[in-house]
Amino acid sequence: MAVDTCVECRERDAALNIRNRRLCAACFSYYVHSKILKRMESYRFKNSSGNQKHRVFLPLSGGTSSLVLLQVLDAQLHKQIANRNRTSYDIVVARVVLPEDHDSTAIKNDYEDLKQRFSTHNFLPLLSMHEVLRLDSNIDRDLKHLGIVRREDESDGDFFLRILSCTTSATTRSDLQSILLKRLLVATARDQKCTSVLWGHSDTRLAALALADVAKGRGGSVSSTIADGQSMRGINFSYPVRDLFKAELQAYAQVASEYCLERGVDNDAPAQQPASIRTTSIDNLLNTYITSQSEKYQSIVANVVRTASKLEVKRPNDIAVSCPVCIMPVVEATRILTSYSGLCYGCERMKHDVRP
């Protein structure tokens with residue numbers, strides 16, 4: 001009987017099948033770390049002037065991908081301290097409590113555990129979604145394009161709940177909440193004087209986002225949505241986990257045997273499917289579909305992201321008009337073929353499902 005040996009080190013027994021290659025746990029961990037750190041090359045010492053350090057913002061969702069990213073970067077920074085007695089960048093960590101997060105006590109406890117485990121980093125207090133109305137100075141003005149106007153003396157919390165209650169479909173609610181969440185995170189990054197946002201999106205997640213954007217009418221801005229570099233929001237976006245599949249990150253969490261990562265795998269467990277497709281948003285539908293298919297057809301899922309990444313990326317200086325709500329490019333066809341209202345086609349469609 002042939003011995004099942006790791007194809008990399010050829011010393012230890014193979015434990016995992018990764019992209020048709022049998023790897024031991026140690027070589028697989030190195031594989032994950034190298035994929036992520038290769039994407040962090042721009043944050044090396046040689047790219048900093050003098051004692052200047054990058055300050056990066058890492059939003060956590062509670063799922064595996066962002067937690068693995070935090071753990072890998074934490075290990076890199078500890079090595080830098082051991083070798084040079086300083087680090088090339090500082091990490092600011094935040095987590096937002098979403099309206100659908102019913103067990104806020106569990107979220108708070110998990111977040112406190114992370115603060116203790118990764119104590120050398122700056123953890124912000126848990127954020128509530130309505131804080132976007134405080135941190136983003138343009139949000140009240142921009143929501144008027146959807147017909148949503150704040151009432152006199154309406155608190156941030158009450159206004160935010162009313163914003164979501166104005167939506168008449170699951171897709172519109174999910175879309176609007178996703179836009180507000182990203183605006184909150186970007187506003188928080190700016191408030192913390194960060195130059196970049198590090199998104200913990202796996203290749204699987206990016207594929208789902210790309211297809212969802214197309215389905216919702218934002219196909220013209222797909223490349224800008226998933227590209228590394230300067231974003232349409234005037235701050236750098238980086239996706240260090242983009243070369244790894246969600247299943248690979250979950251396998252790494254199991255191999256690492258860290259409680260915080262195992263909790264992330266638990267949080268990734270799919271929610272109970274709704275009784276009717278009418279109550280399922282496009283985002284959730286495509287995310288569930290791509291996640292299930294990526295385990296069997298990894299190359300096809302990877303091609304979605306590669307193809308989208310080959311499209312021309314729009315930067316702030318490249319465009320004449322951006323959508324005031326989602327801050328993405330308004331393509332020329334929208335202005336020519338529609339009664340142009342200032343919104344991109346996707347937000348124009350969303351507006352039809354908003355009843356203030």
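Fair warning: this is a prediction, and the values are worked out from it, not measured in the lab.

## Here we look at the overall build of the protein
- Along its length, the protein carries 15 helices and 9 strands.
- Against the globule reference of 21 Å for 356 residues, the protein gives a C-alpha radius of gyration of 21 Å, in line with a compact fold.
- Projected onto the principal axes, the alpha-carbon positions of the protein cover approximately 70 × 50 × 45 Å.
- Here the protein, with 356 residues, has 48% of them falling under the buried criterion.
- Of the contacts formed within the protein by residues at least 6 apart in sequence, a portion of 69% connects residues at least 24 apart.

## Observations concerning helix α3 (residues 104–117)
- Between its first and last C-alpha, α3 extends 20 Å over 14 residues, near the 20 Å set by a 1.5 Å rise per residue.
- Among the residues of α3, I107, D110, Y111 and L114 are the ones counted as buried. The buried side chains of α3 occupy one side of the element, clustering within an arc of 100° when seen end-on. For α3, the exposed residues set more than 90 degrees away from the buried face come down to T105 and Q116.
- The elements touched by buried residues of α3 are β3 (54–60), α2 (64–84), β4 (89–97), β5 (122–123) and α11 (259–267).

## So, α11
- Among all positions of α11, only C260, L261, G264 and V265 are buried. The buried residues of α11 occupy an angular sector of 150° when projected down its axis, which confines them to one face.
- Summarising the contacts, the buried residues of α11 are in contact with α2, α3 and α10 (246–256).

## Overview of the nonpolar core
- Formed by 55 residues in total, the largest nonpolar core has its most connected members in F57, L146, I148, I163, C323, V325 and C347.
- By residue number, the principal contributor to this core is helix α7 (residues 170–191), which donates 8 residues.
- The contacts of I148, once residues within four sequence positions are left out, are L143, F159, I163, L176, V354 and P356.
- With 40 residues, the next largest nonpolar core counts I18, Y43, F123 and L198 among its residues.

## Points about the packing of aromatic side chains
- By the definition in use, this model includes 5 aromatic pairs.
- Plain terms: the ring middles of F28 and Y252 are 6.5 Å apart, the flat faces sit at 65° to each other, and that makes the pair edge-to-face. Of this pair, F28 sits in helix α1 (residues 25–38) while Y252 sits in helix α10, and the two are 224 residues apart along the sequence.
- On the basis of relative accessible area, Y252 is assigned to the buried category, the value being 3%.

## Some remarks on the packing of helix α6 (residues 156–165) against α7
- Their axes nearest at 9 Å, the elements α6 and α7 cross at an angle of 140°. Packed against α6, whose contacting residues are F160, I163 and L164, the element α7 presents R173, L176, Q177 and L180 at the interface.
- For the contact of α6 with α7, the residue count by class is 5 nonpolar, 1 polar and 1 charged.

## What about the pairing of β4?
- Most of β4 is tucked away: 7 of the 9 residues are buried.
- As paired elements, β3 and β4 share 7 bridges and run parallel to each other. The partner of H54 across the bridge, within β4, is Y89.
- Read as a crossover between parallel neighbours, the route from β3 over α2 to β4 is right-handed.
- Where the polypeptide runs from β4 across α3 and back to β5, its parallel neighbour, the crossover connection is right-handed.
- Pairing of β4 with strand β6 (residues 127–128) involves 2 bridges; the strand directions are parallel. Each bridged residue has a counterpart across the sheet, and for V97 the counterpart in β6 is S128.

## Here's the deal with the pattern of salt bridges
- Per the counting criterion, the structure on display carries 22 salt bridges.
- Among the ionic pairs, K115 bridges to E112, the shortest N-O distance being 3.8 Å. A residue pair is termed a helical-turn pair when its members lie 3 or 4 positions apart in one helix, as K115 and E112 do in helix α3 at 3 residues.
- By relative accessible area, K115 is classed as partly exposed at 31%.

## Details of the environment of D268
- Topologically, D268 is positioned in the loop between α11 and α12 (282–294).
- Separated by 87 residues in the primary sequence, D268 and R355 have C-alpha atoms spaced 33 Å apart.
- Among residues more than four places away in sequence, those in contact with D268 are G63, T64, K246 and Q250.

## Quick look at the confidence of the model for the protein
- Summarising the model, the protein shows a mean pLDDT of 90, and 92% of its residues fall at 70 or more.
- Ranking the elements of the protein by mean pLDDT puts helix α14 (residues 332–337) last, at 59, and β5 first, at 98.

The rules we used
Residues numbered from 1 in each chain as written. Predicted model: local features only at pLDDT ≥ 70, side-chain atom pairs only at ≥ 80, totals over all residues. Heavy atoms only, no water. Helix = DSSP H or I, 4+ residues; strand = E, 2+ residues; numbered from the N terminus. Rg over C-alpha atoms; globule rule 2.2 N^0.38 Å. Buried < 20%, exposed > 50% of the residue type's maximum accessible area, 1.4 Å probe, protein only. Contact = heavy atoms within 4.5 Å. Expected span 1.5 Å × (residues − 1). Arc of directions from axis to C-beta. Core = buried A, V, L, I, M, F, W, Y, C linked by side-chain atoms within 4.5 Å. Phe/Tyr/Trp six-rings, centres within 6.5 Å; stacked < 30°, edge-to-face > 60°. Axes fitted to C-alpha atoms, helices over the stretch in contact; angles between N-to-C directions. Nonpolar A, V, L, I, M, F, W, Y, C, P; charged D, E, K, R; others polar. Pairing = 2+ DSSP bridges. Right-handed = clockwise from strand over helix to strand, strands pointing away. Salt bridge = Lys/Arg side-chain N within 4 Å of Asp/Glu carboxyl O. pLDDT = per-residue confidence, 0-100.

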